[in-house]
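Below are the chains, spelled out letter by letter.
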Amino acid sequence: AQSVTQPDIHITVSEGASLELRCNYSYGATPYLFWYVQSPGQGLQLLLKYFSGDTLVQGIKGFEAEFKRSQSSFNLRKPSVHWSDAAEYFCAVRSNDYKLSFGAGTTVTVRA
Amino acid sequence: DGGITQSPKYLFRKEGQNVTLSCEQNLNHDAMYWYRQDPGQGLRLIYYSQIVNDFQKGDIAEGYSVSREKKESFPLTVTSAQKNPTAFYLCASSILGQGPRSYGYTFGSGTRLTVV
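Residues numbered from 1 in each chain as written. Chains lettered and ligands numbered in written order. Predicted model: local features only at pLDDT ≥ 70, side-chain atom pairs only at ≥ 80, totals over all residues. Heavy atoms only, no water.

Asker: Any chance you could explain the nonpolar core here in plain terms?
Answerer: The nonpolar side chains of a soluble globular protein tend to be buried with one another. Counting residues in hydrophobic clusters, the biggest one holds 27 residues, and the most contacted among them are Trp35, Leu48, Phe74, Leu76 and Tyr89 of chain A. Among the elements of the structure, strand S2 (10–14), strand S3 (19–21), strand S5 (32–38), strand S6 (44–50), strand S8 (64–68), strand S9 (73–78), strand S10 (87–94) and strand S12 (106–111) of chain A are those that each provide at least two residues to this core. Residues in contact with Leu48 of chain A, not counting those within four places in the same chain, are Leu33, Phe34, Trp35, Val57, Gln58, Gly59, Phe63, Glu64, Ala65, Phe74 and Leu76 of chain A. Judged by nonpolar contacts, the second largest core, of 20 residues, contains Tyr98 of chain A together with Ala31, Tyr33 and Phe107 of chain B. (Core = buried A, V, L, I, M, F, W, Y, C linked by side-chain atoms within 4.5 Å. Buried < 20%, exposed > 50% of the residue type's maximum accessible area, 1.4 Å probe, protein only. Helix = DSSP H or I, 4+ residues; strand = E, 2+ residues; numbered from the N terminus. Contact = heavy atoms within 4.5 Å.)

Written as structure tokens, this is what we have:
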């Protein structure tokens with residue numbers, strides 16, 4: 001069965017600083033990987049996805065993620081965070097039967 | 001615009017009562033899903049359906065029931081057998097098959113259920 005680990009429960013970053021959120025996955029076959037963002041009391045919005053090809057994928061809101069098969073990782077990055085990036089971020093892996101398994105999430109706080 | 005509508009946004013019920021959460025989509029997606037979200041636990045799959053009149057249990061189906069009589073609708077009933085029903089419930093849908101469009105989920109805005 002597939003699983004996702006997000007090692008960091010909470011990250012605090014200064015506005016304008018860079019951000020990296022870690023994600024490690026466990027899946028036997030080629031993984032389909034996703035990053036979602038959630039604002040308080042809202043649903044999840046897709047930031048980016050990886051399913052094949054270039055291991056560096058670009059998403060919305062200036063985010064990017066790099067797939068590293070050797071490390072079973074799919075870390076999310078943003079070069080310069082904005083106060084509006086404060087939210088909870090979820091990494092997910094999709095199985096062959098289309099089910100998504102999510103990590104526990106990382107809460108990002110942005111300080112002025 | 002197409003999307004997923006969950007209603008109501010907030011729901012309060014007394015302990016021991018069944019309650020039904022609504023989820024409707026106009027995206028013509030094949031599959032629909034219900035997730036439960038609790039602080040620090042991410043999202044856990046309750047039930048999913050890939051075709052009308054068929055559905056499968058997810059990881060935490062006990063105390064919940066669903067139906068899929070129409071492609072657009074996938075209501076979730078939280079029964080009195082669910083021991084800890086207070087949570088945030090999210091509905092999602094997806095396309096099945098091959099190709100990039102099939103790889104992601106679209107989520108509704110959620111229903112916060114509080115049982116007192």
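Asker: Explain the interface of chain A and chain B here, please?
Answerer: Where the parts come together, the accessible area they lose is often given as the size of the interface. With 20 residues of chain A at the interface, the matching set in chain B holds 25 residues. The largest share of the area that chain A buries against chain B comes from Tyr98, Lys99 and Phe102 of chain A, three residues that together contribute 30% of it. Counting the contacts that link chain A with chain B gives zero salt bridges. At the junction of chain A and chain B, the tally comes to seven residue pairs in polar contact (both at pLDDT 80 or more). (Buried area = accessible area lost by both parts, 1.4 Å probe. Salt bridge = Lys/Arg side-chain N within 4 Å of Asp/Glu carboxyl O. Polar contact = N/O pair within 3.5 Å; in protein donor to acceptor, adjacent residues only side chain to side chain.)

Asker: I'm lost on the pattern of salt bridges in this one. Help?
Answerer: Note on pairing: side chains with opposite charge can pair once their charged atoms come close. Applying the stated criterion across every chain, the model contains seven salt bridges over all chains. One salt bridge in this structure joins Arg22 of chain A and Asp8 of chain A, with 2.9 Å as the shortest N-O distance. Here the residue Arg22 of chain A occupies a position in the loop between S3 and strand S4 (24–26), and Asp8 of chain A occupies one in the loop between strand S1 (3–5) and S2, the gap between them amounting to 14 residues. On the accessibility criterion, Arg22 of chain A (37% relative accessible area) is partly exposed. Between Asp30 of chain B and Lys71 of chain B there is a salt bridge, and its shortest N-O distance comes to 3.7 Å. Taken together, the residues span a long stretch of sequence, with Asp30 of chain B in the loop between strand S3 (19–25) and strand S4 (31–37) and Lys71 of chain B in the loop between strand S7 (64–66) and strand S8 (76–78) at a distance of 41 residues.

Asker: Where do I start with the state of the cysteines in this structure?
Answerer: Each disulfide consists of a covalent bond between the sulfur atoms of two cysteine residues. For the structure on display, the rule yields two disulfides over all chains. A sulfur-sulfur distance of 2.0 Å marks the disulfide that ties Cys23 of chain A to Cys91 of chain A. Here Cys23 of chain A and Cys91 of chain A share a disulfide; its torsion about the S-S bond, -65°, makes the bridge left-handed. Remark: Cys91 of chain A occurs in strand S10 and Cys23 of chain A occurs in the loop between S3 and S4; sequence separation between them is 68 residues. The exposure class assigned to Cys23 of chain A is buried, which follows from its relative accessible area of 0%. Note that Cys23 of chain B is cross-linked by a disulfide to Cys91 of chain B, the S-S spacing being 1.9 Å. Of note, the bridge from Cys23 of chain B to Cys91 of chain B carries an S-S torsion of about -75° and is left-handed in sense. Linking Cys23 of chain B in strand S3 with Cys91 of chain B in strand S9 (residues 87–94), this pair joins segments that are 68 residues apart in sequence. (Disulfide = S-S within 2.5 Å.)

Asker: For this particular structure, what's the right way to read the packing of aromatic side chains?
Answerer: Each aromatic ring pair is specified by the distance between its two centres and by the angle formed by the two planes. Summed over all chains, the structure comprises 17 aromatic pairs over all chains. A ring pair is formed by Tyr36 of chain A and Phe107 of chain B, whose centres lie 5.4 Å apart and whose planes are at 80°; its orientation type is edge-to-face. In this pair, Tyr36 of chain A is assigned in strand S5 and Phe107 of chain B in strand S10 (residues 106–107), connecting two distinct chains. When its relative accessible area of 9% is taken as the criterion, Phe107 of chain B is described as buried. Pairing Tyr50 of chain A with Phe74 of chain A gives two aromatic rings, centres 6.4 Å apart and planes at 50°, and the pair type is tilted. Here Tyr50 of chain A, found in strand S6, pairs with Phe74 of chain A, found in strand S9; they are 24 residues apart in sequence, far enough to count as distant. Among the aromatic side chains, those forming a connected cluster through ring pairs are Phe34, Tyr36, Phe90 and Phe102 of chain A together with Tyr33, Tyr35, Tyr48, Tyr105 and Phe107 of chain B. (Phe/Tyr/Trp six-rings, centres within 6.5 Å; stacked < 30°, edge-to-face > 60°.)

Asker: How do you make sense of the side chain of Gln25 of chain B when you look at a structure like this?
Answerer: Residue and element names in this part refer to chain B. Along the chain, Gln25 turns up in strand S3. Engagement of the side chain of Gln25 in a polar contact is seen with the backbone nitrogen of Leu27, the distance being 3.0 Å. Beyond its immediate sequence surroundings of up to four residues, Gln25 is in contact with Gly3, Ile4, Met32, Arg68, Lys71, Glu72 and Ser93.

Asker: Would you take a moment to explain the sheet that holds S7 of chain B for this structure?
Answerer: Strands belonging to one sheet form pairs held by backbone hydrogen bonds; the direction of such a pair is parallel or antiparallel. All names here are of chain B. In space, the four strands of this open sheet follow the order S1-S3-S8-S7, with antiparallel pairing throughout. The open sheet has two free edges, formed respectively by strand S1 (4–7) and S7, since each of these has just one partner strand. Geometrically, the sheet is characterised by an average inter-axis angle of 20° between neighbouring strands, direction not taken into account. With four bridges connecting them, S1 and S3 associate as antiparallel partners. Pairing of Ser7 across the sheet is with Ser22, part of S3. (Pairing = 2+ DSSP bridges. Axes fitted to C-alpha atoms, helices over the stretch in contact; angles between N-to-C directions.)

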